[in-house]
Amino acid sequence: MLRMKNLWLWIIGCCLLAAPSVLNAQKKMLPAEQEIRLQYGADRLGKRKDAAMKQFRDHRLGAFIHWGLYAIPGGEWNGKVYSGAAEWLKVWAKVSADEWLTLMDQWNPTRFDAKKWARMAKEMGVKYVKITTKHHEGFCLWPSQYTEYTVANTPFKRDILGELVKAYNAENIDVHFYFSVMDWSHPDYRSSLKTKEDSIAFRRFLTFTDNQLKELATRYPTVKDFWFDGTWDASIKQNGWWTAHVEQMLKEMVPGVTINSRLRADDYGKRHFDSNGHLMGDYESGYERRLPHPVKDLKVTQWDWEACMTVPENQWGYHKEWSLSYVKQPVEVLERIVHAVSMGGNMVVNFGPQPDGDFRSEEKELAQYIGRWMKKNGEAIYGCDYAGWEKQDWGYFTRKGDEVYMVVFQLPYSNRLQVKTPQGVNIIKATNIEQKEVKVQETARNEYQVVLPASTPNEPFVIRLHIENKNQTSDKYRDALT
Ligand code: FHN
């Protein structure tokens, strides 16, 4: 009798133990089963693993160039200065497309020198530059045969884009093309499709856009990336098929090319991430003038992403009165670069060249500051990734293989920097960027203090941590201490 009772208890116990794993198995299966069938959703799950994508990722630091007709008025129209983004001045000052495009008669950037721009980027340490081939205004920096609104029809005449591609490539800097789908100069562009005529016109517009994109890919085959913008209108979201088609078309034309998530909309008009929550395009591009929270938003480390930022609050194109807003100090820009890399992302810093083709002095100084720092400390940025270590108040961790870097922005009064390592990871040694050993003390299990000399200057610097990962081997003695 007792044996029977024990048998029943054993069977019930087994069922109870098995239940959570059955439930878990179902939990894992269910989302996949519930996924909506999409024709124009994500093409891939997880990060792209090919060499071109690795190169994009390893570069980590890029520059953005916003240059177009908007640089000429520089935020001022008919004597009034508008504090909104200079490249949107046409909208703020309610200027008609025809009137706006007469600015082409003044496009004569006599100080433009592509080689100088490329040298400046090289000195800044950027590995790629994103150039506005065409911003929302519709003016093209290349002599497109599909519109009259191009550099070719200005007093300057020169193919700005072609000169830049050549000059940057000569400095071993990749060129990425910014391209605004929304085009204020084109009569067939529609923000919404209310009538049959709208749909017909918009279809013509999509063909025009395809032609321009094919033209760019053919004329400048060394392009490494297309970065789409101006894709938020209902007309585009309703044509998710077209966004998927563009990505495929460019990938067939330019082997290895990378494409940002902003281009894409799925069958239901869902952007960046499809209706099943999967990233579309090769990398997420929604972090504009903001960054993921370093503790709460760690989900971003699951995919590739790139953030872009302005130096003033929100000016991409040249604005005469830049300092009407909060303008970041070079060290603040640097901190944002490191912040992005510490979370497995890239950062693109924006420049808005003047109408004469030169850069404002503040931007030149910024480029020099970042360049000096990168020259010395770039090993903690290029090719680095999310380290997976607990964030500390002094700054950010980055990682390359078995080297973990501490990029320190806040030096505590005590000169002691707290470090917590993941379980099973020990710090063997700490060195500064010049390979000089720095004192490191173990204060508790998986807790250390890096003790800096009193003479340490209070400016951003890097400490390299040499680690050993005990996770593979069992460490009985240390386990016994718990
Ligand atoms: O409207 C544009 C803006 O002018 C600028 O080009 C930025 C860059 O990310 N993109 C748009 C706003 O999202």
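Structural data are supplied above this passage.
In what follows, the accompanying structure is described. (Residues numbered from 1 in each chain as written. Predicted model: local features only at pLDDT ≥ 70, side-chain atom pairs only at ≥ 80, totals over all residues. Heavy atoms only, no water.)

As for the overall build of the chain
Of regular secondary structure, the chain possesses twelve helices and 16 strands. Each principal axis of the C-alpha atoms in the chain carries an extent, and together these give about 95 × 65 × 40 Å. Of all 482 residues assigned to the chain, the portion counted as buried reaches 53%. Taking the contacts inside the chain whose residues are at least 6 apart along the sequence as the reference set, 71% of them involve residues at least 24 apart. Within the structure as shown, the chain displays about 23,100 Å² of accessible surface, and the carbon and sulfur contribution to it stands at 51%. When the 65 basic and 61 acidic side-chain charges of the chain are each reduced to a single mean position, those positions are 4 Å apart. (Helix = DSSP H or I, 4+ residues; strand = E, 2+ residues; numbered from the N terminus. Buried < 20%, exposed > 50% of the residue type's maximum accessible area, 1.4 Å probe, protein only. Contact = heavy atoms within 4.5 Å. Areas by Shrake-Rupley, 256 points an atom, 1.4 Å probe, with all protein chains shown as cover. Lys, Arg positive; Asp, Glu negative; His and termini not counted. Charge placed at Lys NZ, Arg CZ, Asp CG, Glu CD.)

Overview of the site of the ligand
Taken together, 13 residues are adjacent to the ligand, and His-66, Glu-87, His-136, Asp-229 and Glu-288 come closest. The side chain of Glu-288 places a nitrogen or oxygen atom 2.7 Å from an oxygen atom of the ligand. A breakdown of the residues in the shell around the ligand according to their chemical character gives six nonpolar, three polar and four charged. (Near = heavy atom within 4 Å. Polar contact = N/O pair within 3.5 Å; in protein donor to acceptor, adjacent residues only side chain to side chain. Nonpolar A, V, L, I, M, F, W, Y, C, P; charged D, E, K, R; others polar.)

Some remarks on the nonpolar core
By size, the foremost hydrophobic cluster in this structure holds 108 residues, and its most contacted members are Trp-107, Tyr-168, Phe-226, Phe-228, Val-349 and Phe-351. Here the element with the most residues in this core is helix 7 (residues 196-219); it accounts for seven residues. Aside from chain neighbours lying at most four places away, what touches Trp-107 is Trp-67, Gly-68, Leu-69, Ile-72, Phe-139, Leu-141, Val-151, Thr-154, Pro-155, Phe-156 and Ile-160. Core analysis: the next-biggest nonpolar cluster, separate from the first, contains 21 residues, Trp-389, Val-404, Met-406 and Tyr-448 among them. (Core = buried A, V, L, I, M, F, W, Y, C linked by side-chain atoms within 4.5 Å.)

Overview of a positive patch on the surface
On the surface, Lys-115, Lys-116, Arg-119 and Lys-166 cluster together into a positively charged patch. Among the elements that line the positive patch, the one with the most residues is helix 5 (residues 114-124), at three residues. Relative to the elements of secondary structure, Lys-116 occurs in helix 5. (Patch = residues over 30% accessible without salt bridge, like charges linked within 9 Å, V, L, I, M, F, W, Y side chains within 5 Å. Salt bridge = Lys/Arg side-chain N within 4 Å of Asp/Glu carboxyl O.)

Observations regarding helix 6 (residues 160-170)
Among all positions in helix 6, only Ile-160, Leu-161, Gly-162, Leu-164, Val-165, Ala-167 and Tyr-168 are buried. Packed against the buried residues of helix 6 are strand 1 (61-65), helix 5, strand 4 (128-134), strand 5 (174-180) and helix 7. One side-chain oxygen at the N-terminal end of helix 6 lies 3.3 Å from the backbone nitrogen of Leu-161; it belongs to Asp-159.

Re the packing of helix 10 (residues 330-342) against helix 11 (residues 361-377)
In helix packing, the relevant descriptors are the interaxial angle and the interaxial distance, both defined with respect to the helix axes. The interhelical angle for the contact between helix 10 and helix 11, taken along N-to-C directions, is 50°, at an axis separation of 9 Å. By the angle between their directions, the pair helix 10 and helix 11 is classed as oblique. The handedness of the crossing between helix 10 and helix 11 comes out as right-handed. In this structure, helix 10 contributes Pro-330, Val-331, Val-333, Leu-334, Ile-337 and Val-338 to the contact, and helix 11 contributes Leu-366, Tyr-369, Ile-370 and Trp-373. (Axes fitted to C-alpha atoms, helices over the stretch in contact; angles between N-to-C directions. Parallel < 35°, antiparallel > 145°, perpendicular 65-115°, else oblique. Left-handed = near helix turned anticlockwise from the far one by under 90°.)

Let's talk about the side chain of Ser-342
In this fold, Ser-342 is placed in helix 10. Side-chain polar atoms of Ser-342 contact the backbone oxygen of His-339, separated by 2.7 Å. Ignoring sequence-local partners within four residues, the contact set of Ser-342 consists of Tyr-386, Ala-387, Tyr-396, Phe-397 and Thr-398.

As for the environment of Lys-166
Looking at the secondary structure, you find Lys-166 in helix 6. When its relative accessible area of 67% is taken as the criterion, Lys-166 is described as exposed. Considered as a pair, Lys-166 and Ala-118 are 48 residues apart in the sequence and their alpha carbons are 9.3 Å apart.

Here we look at the packing of helix 5 against helix 11
Viewed as axis vectors pointing N to C, helix 5 and helix 11 meet at an angle of 40°, and their least axial separation amounts to 7 Å. Overall, the two elements helix 5 and helix 11 adopt an arrangement that is oblique. From helix 5, Met-120, Glu-123 and Met-124 reach across to helix 11, where they touch Glu-363, Lys-364, Ala-367, Ile-370, Gly-371 and Met-374. Among the residues forming the contact of helix 5 with helix 11, the class breakdown is five nonpolar, one polar and three charged.

Comments concerning the pattern of salt bridges
A side chain with one charge can pair with a side chain of the opposite charge if their charged atoms come near. Counted according to the given criterion, the structure contains 29 salt bridges. The residue Asp-43 makes a salt bridge to Arg-264 at a minimum N-O spacing of 3.2 Å. Note that Asp-43 is positioned in the loop between helix 1 (2-34) and helix 2 (51-59) and Arg-264 in the loop between strand 7 (258-259) and strand 8 (305-309), a separation of 221 residues in sequence. Using a relative accessible area of 57% as the deciding quantity, one classes Asp-43 as exposed. Between Lys-54 and Asp-58 there is a salt bridge whose closest N-O contact spans 2.5 Å. In this pair, Lys-54 and Asp-58 are both assigned in helix 2, four residues apart and thus about one turn of the helix distant. Given a relative accessible area of 44%, Lys-54 falls into the partly exposed group. In this structure, a network of salt bridges that share partners links the residues Asp-43, Arg-44, Arg-48, Asp-50, Glu-247, Lys-251, Arg-264 and Asp-282.

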